[in-house]
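This is what each chain is made of:
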Amino acid sequence: MKTKTRMDYIKLYAEKLKEDNSLFRQQKMLIESQLQSSSQIFRSMLGDGDDFKQRARAYLRKVRMI
Amino acid sequence: MGELSIRAYRCISDYERLLGKRRRHTSSQGYDGSGHFVKKFLDILKRHSDYLVVSGYVSICSGRARGTEDVDILFPVMSREKFEMLFKDLTNNGFWCYQGDDHAGVHRYVKDMDSVRFALKKEMFPNIELIPIDESRKAQHFEFSRPQKIRINDFEFKVPEIEFEIAYKETVLGSEKDMEDAMHLRVFFSSGIDEDKLKKYKSMLRRGL
């Protein structure tokens, strides 16, 4: 399969994933690294003290998530 | 209730074997190694309500390599009394709610059919977007009434029929991310997809169900 577009790569990856379950390990690493990075960023920004929720909600209001 | 294909099951089981045995988090907060975030939330939610896990998490569970910040879960709109029990169970067991600490205040969102979000204490992401539904939300109500199960080791949860998930992403949502998710699901579940059903769902969605 000749891959040109982003969609081609998604198709190729899904086909390979069906053939080789070990690719799930790499996918897990990607997701884990995203979650850990995200967690660290917000911990740096909001701390983990008693005022976490207050600070978090102020952030959420600022980005219009609540 | 339908089930996903055997081949897909094998892949998903392999994934969950990895995901379910998450490393112990070194922080005093967040993941505690006793099971992952979604399982922990669903174990509580199941005590109070029916549910359906939808959208990105379905694709990610089947191997889609992309990030996400939230997990969308449909649940039938519930009374203030029932919601109070759910809210207390969640907040007493490691979750906090973006919208507030007062169950009555948060229930107003639910009553108005607005989503509410929960995350693990002292964490922002990932979060659960808990989406209330009733019969007025036709597409959600339709998929909710036709669940399919994914079993991942000891973690079993309900998702929409894959044909509906693909049809909804391609016909209703249609963003680049959704089209990519749909392509992944089409290829990954290719051996188990009922093409006639997929066409029927797409047609129904175009006509507003």
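Residues numbered from 1 in each chain as written. Chains lettered and ligands numbered in written order. Predicted model: local features only at pLDDT ≥ 70, side-chain atom pairs only at ≥ 80, totals over all residues.

Participant: Please clarify how the overall build of chain B should be interpreted in this entry.
Facilitator: Counting its secondary structure elements, chain B contains nine helices and eight strands. Split into buried and exposed, the 209 residues of chain B put 39% on the buried side. When contacts within chain B are restricted to residue pairs at least 6 apart in sequence, those whose partners lie at least 24 apart make up 62%. (Helix = DSSP H or I, 4+ residues; strand = E, 2+ residues; numbered from the N terminus. Buried ≥ 20, exposed ≤ 12 C-beta atoms within 10 Å, placed from the backbone. Contact = placed C-beta atoms within 7 Å.)

Participant: How should I be thinking about helix 1 (residues 6–19) of chain A in this particular structure?
Facilitator: An α-helical segment advances 3.6 residues per turn. Residues three or four places apart therefore align on the same side. Residue and element names in this part refer to chain A. End to end, helix 1 covers 20 Å across 14 residues, agreeing with the expected 20 Å (1.5 Å per residue, within 8%). Taken as a whole, helix 1 has its buried residues at Ile10, Tyr13, Ala14 and Leu17. Each buried residue of helix 1 lies within a common arc of 100° when the element is viewed along its axis, so the set occupies one face. In helix 1, the exposed positions that point more than 90 degrees away from the buried face belong to Lys16 and Glu19. (Expected span 1.5 Å × (residues − 1). Arc of directions from axis to C-beta.)

Participant: Just to check I follow, could you spell out the pairing of strand 5 (residues 116–120) of chain B for this structure?
Facilitator: Residues and elements named next belong to chain B. Judged by how many residues are buried, strand 5 sits mostly within the fold: five of five residues are covered. Pairing geometry for strand 5 and strand 6 (residues 127–133), over four bridges, is antiparallel. If you follow Phe118 over to strand 6, its bridge partner there is Ile128. Counting the residues between successive antiparallel strands, the hairpin from strand 5 to strand 6 contains six residues, one of them, Lys122, with a positive phi of roughly 65°. (Pairing = 2+ DSSP bridges.)

Participant: What am I meant to see in unusual backbone geometry here?
Facilitator: Glycine aside, residues mostly have negative phi, and peptide bonds are mostly found in the trans state. B:Phe125 connects to B:Pro126 through a cis peptide bond whose omega is -5°. Along the chain, B:Pro126 turns up in the loop between strand 5 and strand 6. Backbone geometry places A:Arg64, a non-glycine residue, at a positive phi of 60°. Here A:Arg64 is to be found in the segment after helix 3 (52–62).

Participant: Would you explain the confidence of the model for chain B in this entry?
Facilitator: Reading predicted coordinates in detail is not appropriate for stretches of low pLDDT. Confidence in the prediction for chain B averages 85 pLDDT; 83% of positions are at 70 or higher. Two numbers describe this predicted complex: its pTM, 0.86, and its ipTM, 0.90. (pLDDT = per-residue confidence, 0-100.)

Participant: Can you help me understand the interface of chain B and chain A in this one?
Facilitator: Frequently, the measure chosen for interface size is the accessible area removed from exposure when the parts meet. Listed by partner, the interface residues are 26 residues for chain B and 28 residues for chain A. Every element with two or more residues in the side of chain B that touches chain A is listed here: helix 1 (6–20) and helix 8 (176–188) of chain B. Take the side of chain B that touches chain A: its biggest share by element is seven residues, from helix 1 of chain B. Grouping the constituent residues of the side of chain B that touches chain A by class yields 14 nonpolar, six polar and six charged. (Nonpolar A, V, L, I, M, F, W, Y, C, P; charged D, E, K, R; others polar.)

Participant: Is there a simple way to explain helix 7 (residues 162–173) of chain B in this structure?
Facilitator: All names here are of chain B. End to end, helix 7 covers 15 Å across twelve residues, agreeing with the expected 16 Å (1.5 Å per residue, within 8%). Where helix 7 is concerned, the buried positions are Ile162, Glu163, Phe164, Glu165, Ile166, Ala167, Tyr168, Lys169 and Glu170. Where the residues of helix 7 are buried, they touch helix 3 (56–61), helix 6 (138–144), strand 7 (147–152), strand 8 (155–160), helix 8 and helix 9 (195–206).

Participant: Even after reading the chapter, I still don't get the packing of helix 4 (residues 80–91) of chain B against helix 5 (residues 103–111) of chain B, so can you show me in this structure?
Facilitator: The geometry of a pair of packed helices is captured by two quantities: the angle between their axes and the separation between those axes. Residue and element names in this part refer to chain B. The interhelical angle for the contact between helix 4 and helix 5, taken along N-to-C directions, is 115°, at an axis separation of 10 Å. For the pair helix 4 and helix 5, the crossing hand works out as right-handed. Between helix 4 and helix 5, the contacting residues are Arg80, Phe83, Glu84, Phe87 and Lys88 on the first element and His103, Ala104, Val106, His107 and Val110 on the second. Taken together, the residues of the contact of helix 4 with helix 5 break down into five nonpolar, two polar and three charged. (Axes fitted to C-alpha atoms, helices over the stretch in contact; angles between N-to-C directions. Left-handed = near helix turned anticlockwise from the far one by under 90°.)

Participant: So what exactly am I meant to see when it comes to the sheet that holds strand 2 (residues 52–54) of chain B here?
Facilitator: Whether parallel or antiparallel, the strands of a sheet pair through hydrogen bonds between backbone atoms. All names here are of chain B. Read from one edge to the other, the open sheet built from five strands follows the order 2-3-6-5-4, with strand pairing classed as mixed. For this open sheet the edge positions go to strand 2 and strand 4 (95–97), each flanked by a neighbour on one side alone. Within the sheet, the average angular offset between the axes of one strand and its neighbour, ignoring direction, is 30°. With three bridges connecting them, strand 4 and strand 5 associate as antiparallel partners. Note on strand 5: the bridge partner recorded for Phe95 is Leu120.

Participant: Looking at this structure, how should I read the nonpolar core?
Facilitator: Most often, soluble globular proteins have nonpolar side chains that are buried together. In terms of nonpolar packing, the biggest core is built from 40 residues, with B:Phe41, B:Leu52, B:Val53, B:Ile73, B:Leu74, B:Phe95 and B:Phe118 touching the most fellow members. The contact partners of B:Leu74, leaving out residues within four places of it in the chain, are B:Tyr51, B:Leu52, B:Val54, B:Ile131, B:Ile133, B:Gln140 and B:Phe144. Counting residues in each nonpolar core, the second largest holds 16 residues, with A:Ala14, B:Ala65, B:Ala167 and B:Phe188 among its members. (Core = buried A, V, L, I, M, F, W, Y, C linked by C-beta atoms within 7 Å.)

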